[in-house]
Amino acid sequence: MEILLSNSSDKPIYEQITSQIKAMIMNGTLKSGDSLPSMRKLAKELHVSVITAQRAYEDLQRDGFIDTVAGKGTFVAAQNKDFIREENLRSIEKLLQKAVRLGKENDISLQQITDLLQIFYEEE
């Protein structure tokens, strides 16, 4: 499992860890039941504090991406399609909000944005 951290990012380190692990689960790189490193091992590998790794794992567990079994370890949780779809919809909403903000800042009409979206959607 490769996680790249950036000190120049505006996102805190724990969020960078969380978002990269979520992405690996969502794209199938990490599958249901796969074992994750312990918090201590993850912290050591990434050269971060155990508290940072703990915060990332707590967020992942709260969001239903991982399960921790006492004495056994941390594993990728079983995912259902509705959950993954909902998570992807949230990502799409954030990207569209950013596009709308940029459009308004640059006097781009809703119709122009809609036309672009339709072109991109039909190209895929």
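Structure: above.
The rules behind these values
Residues numbered from 1 in each chain as written. Predicted model: local features only at pLDDT ≥ 70, side-chain atom pairs only at ≥ 80, totals over all residues. Heavy atoms only, no water. Helix = DSSP H or I, 4+ residues; strand = E, 2+ residues; numbered from the N terminus. Rg over C-alpha atoms; globule rule 2.2 N^0.38 Å. Buried < 20%, exposed > 50% of the residue type's maximum accessible area, 1.4 Å probe, protein only. Areas by Shrake-Rupley, 256 points an atom, 1.4 Å probe, with all protein chains shown as cover. Lys, Arg positive; Asp, Glu negative; His and termini not counted. Charge placed at Lys NZ, Arg CZ, Asp CG, Glu CD. Phe/Tyr/Trp six-rings, centres within 6.5 Å; stacked < 30°, edge-to-face > 60°. Lys NZ or Arg CZ within 6 Å of the ring centre and 35° of its normal. Pairing = 2+ DSSP bridges. Contact = heavy atoms within 4.5 Å. Axes fitted to C-alpha atoms, helices over the stretch in contact; angles between N-to-C directions.

Caption draft 1: Quick look at the overall build of the protein. Along its length, the protein carries five helices and three strands. Listing every helix and strand of the protein by position from the N terminus yields α-β-α-α-β-β-α-α. Scaling as 2.2 N^0.38, a compact globule of 124 residues should have a C-alpha radius of gyration of about 14 Å, whereas the protein reaches 18 Å, well beyond that. Along the first, second and third principal axes, the C-alpha atoms of the protein reach 55 × 35 × 20 Å. Classification of the 124 residues of the protein by burial places 24% in the buried group. Of the roughly 9200 Å² that the protein leaves accessible, carbon and sulfur atoms contribute 53%. For the protein, the distance from the average site of its 16 positive side-chain charges to the average site of its 19 negative ones is 8 Å.

Caption draft 2: Representation of the packing of aromatic side chains. Inspection of the entire model under this criterion finds zero aromatic pairs. For Arg55, the ring lying beneath its charged end belongs to Tyr14, and the centroid distance is 4.0 Å.

Caption draft 3: Summary view of the sheet that holds strand β2 (residues 66–69). Reading across from one edge, β1-β3-β2 is the order of the three strands in this open sheet, with antiparallel pairing throughout. Either end of the sheet is taken by a strand with one partner, and the two such strands are β1 (35–36) and β2. In this sheet, strand β3 (residues 73–76) lies alongside β1 in antiparallel orientation, the contact comprising two bridges. By the bridge assignment, Leu36 is partnered in β3 with Thr74. Each of β1, β2 and β3 is contacted by helix α3 (residues 50–62), which is oriented at about 110° to β2, the strand it contacts most.

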